[in-house]
Amino acid sequence: MTDMNILVFNCGSSSLKYRLINLPSEREIAAGEAQRIGPPTSRPSAIVHKCDDTEYSREISMRDHATAYKEVINELTTSSGIKPDAIGHRLVHGGTRFITPTRINDSTLGELEKIRGLAPIHNPPAIDLIRACTEQSPGIPQVAVFDTAYHSTIPDYAGEYALPQNLRKEMGYRKYGFHGTSHRFVVEEAANYLGIPISKFNAVSCHLGSGGASLCAVVNGESLDNSMGYSPLQGLVMSTRSGDLDPAIPLRMLSMNPATPTRITDILNRRSGVLALSGLSSDIRDIFTGITPNRRANPRLQKTTGVYLWRTRKYLGAYLAAVQDPHAVVFTDTIGETMPGVRLALCSDMNVFGMEIDSAANETLRILPADIATPGSRVRILVIRTNEELAIARQSFEIFNN
Amino acid sequence: MNILVLKPEISSLEIRYFKHEEQCPALTKKVTMARDTDSILSGLSKTNEQILHTCGESAGIELIAVHATYGGTEFKSPEILSQNTLKKLEKLLIHAPLHTSILLELLKCIQKVFPQVPSVLLFETAFFNKLPPREYTYAIDEENGSTGLLRRFGFHGILHEAAYQDTLTRRMQYQHTNNLRVLSLCLEPQPELTAVYNGHPLTITSGSTPLEGLPGHTTCGELDPGIIVDLVQEKGLGPEQINELLCRQSGLKGLTGEHITFNNLFAAADGRHRFAYKHFFHRVLLACGAGIAAMGGADYLVLSGRYAEPGRNLGLRLQARLTHSLNTHEPIALSTFSTPVEYVIRTLARRFYISQKQSRNCRELLAT
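Computed from a predicted model, the values in this text were never measured in an experiment.

Cut-off values and rules
Residues numbered from 1 in each chain as written. Chains lettered and ligands numbered in written order. Predicted model: local features only at pLDDT ≥ 70, side-chain atom pairs only at ≥ 80, totals over all residues. Heavy atoms only, no water. Axes fitted to C-alpha atoms, helices over the stretch in contact; angles between N-to-C directions. Helix = DSSP H or I, 4+ residues; strand = E, 2+ residues; numbered from the N terminus. Parallel < 35°, antiparallel > 145°, perpendicular 65-115°, else oblique. Left-handed = near helix turned anticlockwise from the far one by under 90°. Contact = heavy atoms within 4.5 Å. Nonpolar A, V, L, I, M, F, W, Y, C, P; charged D, E, K, R; others polar. 1 Å grid on protein atoms, 1.4 Å probe; cavity = no way out; pocket = protein on both sides within 12 Å on 5 of 7 lines; lining within 4 Å. Points joined across faces, edges and corners; volume = space filled by probe spheres on them. Buried < 20%, exposed > 50% of the residue type's maximum accessible area, 1.4 Å probe, protein only. Pairing = 2+ DSSP bridges. Core = buried A, V, L, I, M, F, W, Y, C linked by side-chain atoms within 4.5 Å.

Caption draft 1: How the structure looks around the packing of helix H11 (residues 299-323) of chain A against helix H11 (residues 274-295) of chain B. Look at H11 of chain A against H11 of chain B: their axes get within 7 Å of each other, and the N-to-C directions meet at 125 degrees. Considered as vectors, H11 of chain A and H11 of chain B are oriented oblique to each other. Pair H11 of chain A / H11 of chain B crosses with right-handed handedness. Residues Trp-310, Arg-313, Lys-314, Gly-317, Ala-318, Tyr-319, Ala-321 and Ala-322 of chain A of H11 of chain A touch H11 of chain B, and the partners they reach there are His-282, Leu-285, Leu-286, Gly-289, Ala-290, Ala-293 and Ala-294 of chain B. Class assignment of the residues belonging to the contact of H11 of chain A with H11 of chain B gives a composition of 10 nonpolar, 3 polar and 2 charged.

Here it is, written out as structure tokens:
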């Protein structure tokens, strides 16, 4: 097996996160983020770079992701003297075309252009970055890893909506699911932790981020269902997304204001969720901070946490029923990893599913990965730090070594 | 008591007339009506004549029960029709303009045609006024949404509550009934499932309309809200077209490409309609799991509605699947509540009217 230094990119609309990871050792060589890419803002563009134990920030104008890529490579060469052997890209949405990690060539680059519109905020800058890498570093092989790919195993009866078949086929209306790279990573880590072969491992994976969040029902290591759907809007209450909503509501909004579908998208994706419920913050951690046992809480904040936790708990119960013989519930990402109150609210009084949380272990948890279920709990409750960049690096490495 | 049960629909009125305590209605008919006063008046007058002609003078209507769908948060229990009722209904026009305007027209006509006959209104949504805020609240800013009352309701509350009470009564005969936990699945053309704990609904699959939740004969059930906007932007559909698509072209019809009912679905579960059946089963299973998480367990799965008996196999499969998943000593019991809703309405209306009359008599007696 050849040693490789794989540069992983996680591309935002105005940012570019990167990590240079050595495989198979999984040692992180360098990491960083190019910030404020694009037109000038109130603060200048900069690269924040970390190598060994040193971290620094360098201001540099970056008008687009192509320029940002060039600066990242410069930074890596300067600080670590290492050029990547390969590049792994995270893409949020692969549609039905891309269901496995895919090596980039002229043909696949052409195919990627066809899925540009599937995730209009995330896919375009990522695809533009791939082009820039191809042009600037033609000798460095690249792989695209798709968040939706893990969910390509969702069976039709779970993934299809009850819409006319011709419409479903024409428009691709089905559940794609998201956070697949993270769900896959923590599920594999969980199976390994418990010593269960991944092909026999059943779980409910809870990716609870401070922004987006989704649950995934996993059977035999594969995704059976995901709370997000055709878009990341469906499912849980999120920071600014509504989650589940009666279809009649956006329909009525359209009837009242027929010329503003863009405005409705903006409301449901950016001005709903925790932000709308609390009227205070989009970060659920702020809402929990505002409620303590010893002082009287704002009723609106209590309602916000109530709705947030209840929706997640119902999905947890739904997926535990669907999975049938779960080995574990896995918590990950910002909220899942760092908020014992959330884990306790979701897992308490769930003995009926064979699951019992150890309150003390949950509260005092510091080191991950960890098992916070009681010894007698049939279903283990694991808390595992997600590492999407490592997951992408692993999948890229697998492609190049095969 | 001779009771006339009326159920107003968008373009028709279902009429059933029950003589005294007879089990079967003496008269059943469905009158197609235009939504105008004259048409409704004519329909009611003809019905009255028909009852008197068919059943005799002694069969005069003594009570009218109106089976209404949407009562919002104004109507939390049955109500005897009065001018105050009409005022409360007018407040609901903004939330459910079509159903409420039809109901208002009907009630005004009832007052004209049957001025001396008391009327009791029973609302499908009333039971779901007990839903906790964490369940009924959507994570959307009402002001931005600007669509009126933004909360979940259920739309088969009458059957759900009756099924729960029936389960409670039967259980009382041999076991304690503290904290009874029931998963109530109402199998009607727009089905829904609610988890009822100690008489209170904790979860509901329906939303602010019956469109959300489980797929129906022609209704879509759960749907990513992003698809609605996509249909406008990518397909150029208008709100009316989308409404037609989601309410009349989706559900079992969308899944199978055929006009089928739940009867057809359950009869061909392992054959012709296997995919649609598996889809529906999966959705109901998820709803059951959610309800079990809400209640910390479940004692009963109860099927009700016109497809309860044909759906018995579905119930057995759910029962087997859930019992396998759960860590309990006792399996979830399965039962069927087969009483048609109009019978339940008749019974509830009579009981309510009599209790109100007795209360009034008591108050008058105490006042003298």
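So that's the structure; there's more coming.
Caption draft 2: View of empty space enclosed by the protein. The full count for this structure, using the stated rule, is 6 cavities of 30 Å³ or more. Of the voids in this model, the largest cavity is the one considered here, and its volume is about 470 Å³. If you trace the largest cavity, you find 25 residues lining it, with Asp-244 and Tyr-315 of chain A together with Thr-205, Glu-222 and Ala-287 of chain B closest to the centre. Looking at the lining of the largest cavity, the elements that each hand over two or more residues are H11 of chain A together with strand E9 (200-204) and H11 of chain B.

Caption draft 3: Summary view of the pairing of strand E6 (residues 86-91) of chain A. Residues and elements named next belong to chain A. Most of E6 sits out of view: 6 of its 6 residues are buried. Every second residue of E6 is oriented toward a common face, with Ala-86, Gly-88 and Arg-90 on one face and Ile-87, His-89 and Leu-91 on the other, all of them buried. Pairing of strand E1 (residues 4-11) with E6 involves 5 bridges; the strand directions are parallel. Within the sheet, the bridge partner assigned to Ile-6 lies in E6 and is Ala-86. Relative to strand E8 (residues 142-146), E6 runs parallel, the two sharing 5 bridges. The partner of Gly-88 across the bridge, within E8, is Val-143.

Caption draft 4: Representation of the sheet that holds strand E11 (residues 333-337) of chain B in the model. All names here are of chain B. Judged by pairing direction, the sheet is mixed, and its 5 strands sit side by side in the order E9-E8-E7-E10-E11 without closing on themselves. The open sheet has two edge strands with one neighbour each: E9 and E11. Within this sheet the neighbouring strands show an average axis-to-axis angle of 25 degrees, counted without direction. Sheet topology note: the strand E10 (residues 300-304)/E11 ladder contains 5 bridges and is parallel. Across the sheet, the residue bridging to Leu-301 is Leu-334, located in E11.

Caption draft 5: Summary view of the nonpolar core. Grouped together as the largest cluster of nonpolar side chains are 125 residues, with contacts concentrated most on Leu-208 and Leu-316 of chain A together with Leu-183 of chain B. Looking at this core, the element that brings in the most residues is H11 of chain B, giving 14 residues. Excluding residues within four positions of it along the chain, Leu-183 of chain B makes contact with Leu-193, Thr-194, Ala-195, Cys-288, Gly-291, Ile-292, Met-295, Ala-298, Tyr-300, Leu-301, Val-302 and Leu-322 of chain B. Ile-3, Ala-96, Cys-109 and Phe-123 of chain B belong to the second-largest nonpolar core, a separate cluster that totals 66 residues.

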